[in-house]
Amino acid sequence: MSKYDPLWAYIQEQSGQTLLMSFAEIETISGLPIDHSFLQYKKELSAYGWQVEKISMKQQTVRFRKSGQETER
């Protein structure tokens with residue numbers, strides 16, 4: 001179990017091809033502050049059929065894109 005599982009589950013439920021979330025939204029859903037460990041954990045998202053497309057430190061947003069290759073978790 002990952003500390004970001006609640007966030008990955010939320011993203012997996014989204015119907016669009018892309019999703020833009022602010023750092024604040026991510027922190028609210030995950031219950032964790034977004035930090036450098038997010039860069040390590042973001043690889044887990046592929047198991048949910050999504051990937052991190054872009055992280056903007058300036059705008060404090062993360063854009064996610066549906067990968068279309070969901071695997072077993």
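Residues numbered from 1 in each chain as written. Predicted model: local features only at pLDDT ≥ 70, side-chain atom pairs only at ≥ 80, totals over all residues. Heavy atoms only, no water.

Focus on the pairing of strand 2 (residues 50–56)
- Two elements, strand 2 and strand 3 (residues 61–66), share six bridges in a ladder whose sense is antiparallel. Note that in strand 3 the partner of I55 across the bridge is V62.
- Hairpin remark: strand 2 followed by strand 3, antiparallel, with four residues in the connecting loop; positive phi at Q60, about 55 degrees. (Pairing = 2+ DSSP bridges. Helix = DSSP H or I, 4+ residues; strand = E, 2+ residues; numbered from the N terminus.)

A closer look at the packing of aromatic side chains
- The tally for this structure, following the rule as stated, stands at four aromatic pairs.
- A centroid spacing of 6.0 Å and a plane angle of 45 degrees characterise the contact between W8 and F38, whose relative ring orientation is tilted. On the criterion of sequence distance, the pair formed by W8 in helix 1 (residues 5–12) and F38 in helix 3 (residues 37–41) is long-range, its members being 30 residues apart.
- On the accessibility criterion, W8 (0% relative accessible area) is buried.
- For F38, a relative accessible area of 2% puts it in the buried group.
- Through pairs of rings, three or more aromatic residues link up here, namely Y4, W8, F38 and Y41. (Phe/Tyr/Trp six-rings, centres within 6.5 Å; stacked < 30°, edge-to-face > 60°. Buried < 20%, exposed > 50% of the residue type's maximum accessible area, 1.4 Å probe, protein only.)

Focus: the nonpolar core
- Formed by 17 residues in total, the largest nonpolar core has its most connected members in L7, W8, I11, F38, L45, V62 and F64.
- Looking at this core, the elements with two or more residues in it are helix 1, strand 1 (18–22), helix 2 (23–30), strand 2 and strand 3.
- Looking at which element gives the most residues to this core, the answer is helix 1, with three residues.
- If we skip the residues at most four places from it in the chain, L45 touches W8, I11, W50, Q51, V52 and F64. (Core = buried A, V, L, I, M, F, W, Y, C linked by side-chain atoms within 4.5 Å. Contact = heavy atoms within 4.5 Å.)

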